[in-house]
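One-letter residues, chain by chain:
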Amino acid sequence: MTEHDLLESIGEINEKYINNAQTNTVLPVKRYLKWASLAAALLVVTVSAAIALPRLLSPDNKSVPSTRTVGVNVPEISISDTVSPLSVIPSLVSYNGYVYTACESYIGQEAQIIDQFLVSSLEEGKYALMSYDPDFRIAMRFEETDGAVTICMYERLNGIRLCKGKDLFNTRLCMNTYGKQDIETELNNFIDSINAGDFIHMEELKDSVSRRQYCIYMTDGTRVVLDLIEGGYVGYKWLPGYYVKIPEKTFKKYYEASEDIE
Amino acid sequence: MDDNKIVELYLSRNEEAIRQTATKYGSRLRRIAYRVLNSIETAEECENDTYHEAWNLIPPHEPRTYLFAFVGRIVRNIALNVCKKNNAQKRYAVYCELTQEMQECLPAKNDPEGAVNADFLRGMIDEFLESCPEEQQNVFVRRYWYFDSVPQIAAAYGFTQSKVKTMLFRMRAALKEHLEKGGYEI
């Protein structure tokens, strides 16, 4: 018997295991909904404050922020007080007056790689990352008593203005610096299309709309998980509701290679 | 269209059966092949070969309640055979990874040249999976039947990647032990 024989024999297993493995992947939807709710709640707060703040502040006050900064000053949540103990990973943190939401987290070998890219300590447990603007992304490092390290990314995805895809995917997420991929190496065309696309807001997607996720691995060991919506729409996993439209032909190739999330 | 009706179409030699199978399961089949082949064109060829093979196998088979598993097995085998044929060139990284992992499961007293009692081996694997908790069954099947990568499995079940890796490592060791205890002999 060879390893190929064994792999082939696994193909003949009882169909109940095949069906179970296909249908029992309910968790990502729940996780997605959790973050979607969180992001939606933040956006509601942001929008409400964007409307309310100009009324509250004096019109001749020179410190009235621009549209861009109104949003980021909105959430009046003292999150840092709740970050204790450090081994519990918070879903929101504040830094420099902004609210950042937890996004991807990394452990084990992945964390070890990313650890090398934490360039400076901003506050206790919070780090700036090489190549990323700390106004957008910071990282937190959690060390367990057994030495295991978890690195969690926090991103400021609220109170921001997005026009073109590049505003998020290139300027902030630095997606152009992708590294070696698991299943695909030629991403330039796809990423160029995303960067050039116009951002649109889509309220709620119908249940019947097919959506998938596609993961792009970066040179620094981080990953960017894209939400692909049937029809050529590409979004960022951690910012649900906002998408760029890209040409169908380019979209299709990556959609086929991506993962169902429903 | 439900599986039973699609199978009826195959049985009545209606070519609509292939169109319906492609509509319902095409992308899933393509994806299984793509994961191990990493080429959209070759994956599409495997998918088309699968429909042809299904057309030849139904009848006598009547997979009314398990059509996806049935065609999935076919595409999986076709894709694996493509990899096996080209393995000398080491073109397929995922296949190399999978076979390396499978090496860990081979019984110590194994004769690589020996013929395989496929039915017996399948029974042993089923028995092994039955003895595992459902969570482990799913992870194992996602990795070695659907050819998902560790990050994909972790994302699908909400586990950390290290948990998935550990789970698979332990399951491979347990499968090896199971094959040895079950007296798998060539």
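Going along each chain's sequence as written, the residues are numbered from 1 onward. Working convention: letters from A go to chains and numbers from 1 go to ligands, in the order in which they are written. The predicted nature of this model means local features are confined to residues of pLDDT at least 70 and side-chain atom pairs, given and counted, to a pLDDT of 80 or more, with totals for whole chains, interfaces and linings taken over all residues. Side-chain metrics rest on all non-hydrogen atoms present in the structure, leaving aside hydrogens and water.

Draft legend 1. Structural view of the overall build of chain B. Every helix listed is a DSSP run of H or I at least four residues long, and every strand listed is a run of E at least two residues long, numbered separately from the N terminus. Regarding its fold elements, chain B presents 9 helices and 0 strands. Reading chain B from its N terminus to its C terminus gives the helix and strand order α-α-α-α-α-α-α-α-α. Accessibility here uses a 1.4 Å probe with only protein chains present; expressed as a share of the type maximum, an area under 20% marks a residue as buried, one over 50% as exposed, and anything in between as partly exposed. Relative to its 186 residues, chain B shows a buried fraction of 53%. Restricting to contacts in chain B with at least 6 residues of sequence separation, those with at least 24 account for 65%. Under the convention used here, a 1.4 Å probe and the Shrake-Rupley method define accessible areas, while residue burial counts only the protein chains that appear. A total of about 8700 Å² of accessible surface is found on chain B, and carbon and sulfur atoms cover 47% of it. Contacts between residues were defined by any pair of non-hydrogen atoms, one from each residue, lying within 4.5 Å.

Draft legend 2. Highlighting the side chain of His4 of chain A. By the secondary structure assignment, His4 of chain A is in helix H1 (residues 3-10). In this view, His4 of chain A contacts Leu80, Asn81, Lys84 and Tyr95 of chain B; residues no more than four positions away in its chain are not counted.

Draft legend 3. Focus on the nonpolar core. If you look at the biggest cluster of nonpolar residues, it comprises 112 residues, and the most contacted ones within it are Leu168, Phe169, Phe190, Ile216, Leu226 and Tyr236 of chain A. At 11 residues, helix H4 (residues 67-85) of chain B tops the list of elements feeding residues into this core. Each residue touching Tyr236 of chain A, except ones within four places of it in the same chain, is listed here: Cys103, Arg137, Glu155, Leu157, Leu168, Phe169, Leu173, Val224, Val225 and Tyr242 of chain A. Among the nonpolar cores identified, the runner-up in size contains 10 residues, and Val93, Tyr95, Ala102 and Phe142 of chain A belong to it. What makes a nonpolar core is a set of buried Ala, Val, Leu, Ile, Met, Phe, Trp, Tyr and Cys residues whose side-chain atoms join them at distances within 4.5 Å.

Draft legend 4. Molecular detail of the packing of aromatic side chains. Residue and element names in this part refer to chain B. Each Phe, Tyr or Trp ring (for Trp, its six-membered ring) is paired with any other whose centre lies within 6.5 Å, and the angle between the two planes then decides the class: stacked below 30 degrees, edge-to-face above 60, tilted in between. What the rule picks out here adds up to 14 aromatic pairs over all chains. Seen in terms of ring centroids, Tyr66 and Phe70 are 6.5 Å apart; in terms of plane orientation they differ by 65°. Their pairing is edge-to-face. Judged by its relative accessible area of 22%, Tyr66 is partly exposed. Ring pairing ties together the aromatic residues Tyr25, Phe68, Trp145 and Tyr146, which thus form one cluster.

Draft legend 5. Molecular detail of the confidence of the model for chain A. Residue and element names in this part refer to chain A. A score between 0 and 100, pLDDT records how confident the predictor is in each residue. Scored by pLDDT, chain A has a mean of 74; 68% of the residues are at 70 or more. Taken element by element, the predicted model of chain A shows its lowest mean pLDDT in helix H4 (residues 67-73) (33) and its highest in strand E10 (residues 233-236) (92). Across residues 26-33 the pLDDT falls below 50, and counting only partners more than four positions away or on other chains, this stretch makes 17 contacts in the model. Note on residues 54-87: pLDDT is under 50 here. Beyond four places in sequence and across chains, it has 40 contacts.

Draft legend 6. The arrangement of the interface of chain A and chain B in detail. Taken residue by residue, the interface counts 40 residues in chain A and 60 residues in chain B. Carbon and sulfur atoms make up 56% of the surface buried where chain A meets chain B, a total of about 4600 Å² over both sides. What counts as buried area is the accessible surface, traced by a 1.4 Å probe, that two parts surrender upon association, with contributions from both included. Summed over the three residues of chain A that lose the most area to chain B, namely Met1, Leu7 and Tyr17 of chain A, the buried surface amounts to 18% of that side. Salt bridge criterion: a side-chain nitrogen from Lys or Arg within 4 Å of a carboxyl oxygen from Asp or Glu. Between the two partners, chain A and chain B, sit 3 salt bridges. A salt bridge links Glu130 of chain B to Lys16 of chain A, with the shortest nitrogen-to-oxygen separation between them at 2.7 Å. Pairing of N or O atoms within 3.5 Å defines a polar contact, subject to two protein rules: one partner must be a possible hydrogen donor and the other a possible acceptor, and residues neighboring in sequence count only if both atoms are side-chain atoms. Between chain A and chain B we count 16 residue pairs in polar contact (both at pLDDT 80 or more) in total. Elements represented by at least two residues in the side of chain A that touches chain B include exactly H1, helix H2 (15-23), helix H3 (27-56), strand E8 (211-217), helix H8 (248-256) and strand E12 (259-260) of chain A.

Draft legend 7. How the structure looks around helix H3 (residues 40-57) of chain B. Each helix should span, by expectation, one fewer than its residue count multiplied by 1.5 Å. When the terminal C-alpha atoms of H3 of chain B are compared, their 25 Å separation across 18 residues agrees well with the 26 Å that a helix rising 1.5 Å per residue should span. The set of residues buried in H3 of chain B consists of Ile40, Thr42, Ala43, Cys46, Glu47, Thr50, Tyr51, Ala54 and Trp55 of chain B. For H3 of chain B, the elements touching its buried residues are H8 of chain A together with helix H1 (3-11), helix H2 (16-37) and H4 of chain B.

Draft legend 8. Geometry of unusual backbone geometry. With an omega of -15°, the peptide bond running from Ile58 of chain B to Pro59 of chain B counts as cis. Looking at the element boundaries, Pro59 of chain B is found in the loop between H3 and H4. For the bond running from Pro59 of chain B to Pro60 of chain B, omega is 15°, close enough to zero to count as cis. Mapped onto the fold, Pro60 of chain B is located in the loop between H3 and H4. For Cys174 of chain A, which is not glycine, the phi torsion reads 50° and is therefore positive. When you line up the elements, Cys174 of chain A lands in the loop between helix H6 (165-169) and helix H7 (188-196). Its identity as a non-glycine residue notwithstanding, Arg13 of chain B has a phi of 55°, on the positive side. In this structure, Arg13 of chain B sits in the loop between H1 and H2.

Draft legend 9. Expanded view of the sheet that holds strand E3 (residues 118-123) of chain A. Residue and element names in this part refer to chain A. At least two DSSP bridges between two strands are required for those strands to pair. Reading across from one edge, E1-E2-E6-E5-E4-E3 is the order of the 6 strands in this open sheet, with antiparallel pairing throughout. With one partner strand each, in any of the chains shown, strand E1 (92-95) and E3 form the two edges of the open sheet. In this sheet, neighbouring strand axes are inclined to one another by 40° on average, regardless of whether the strands run parallel or antiparallel. With 4 bridges joining them, E1 and strand E2 (residues 98-107) adopt antiparallel strand pairing. Structural elements are reduced to axes, namely lines fitted to C-alpha atoms, with helices fitted over the stretch in contact, and the angle between N-to-C directions of any two is expressed from 0 to 180 degrees.

Draft legend 10. The pattern of salt bridges, seen in detail. Scanning the model with the defined rule gives 23 salt bridges over all chains in all. The residue Asp115 of chain A makes a salt bridge to Arg141 of chain A at a minimum N-O spacing of 2.8 Å. Taken together, the residues Asp115 of chain A in helix H5 (residues 108-115) and Arg141 of chain A in strand E5 (residues 137-143) connect sequence positions 26 residues apart. Judged by its relative accessible area of 25%, Asp115 of chain A falls in the partly exposed class. On the basis of relative accessible area, Arg141 of chain A is assigned to the partly exposed category, the value being 23%. Taken together, the salt bridges that share partners define one network made up of Glu97, Glu101, Glu104, Arg143 and Arg172 of chain B.

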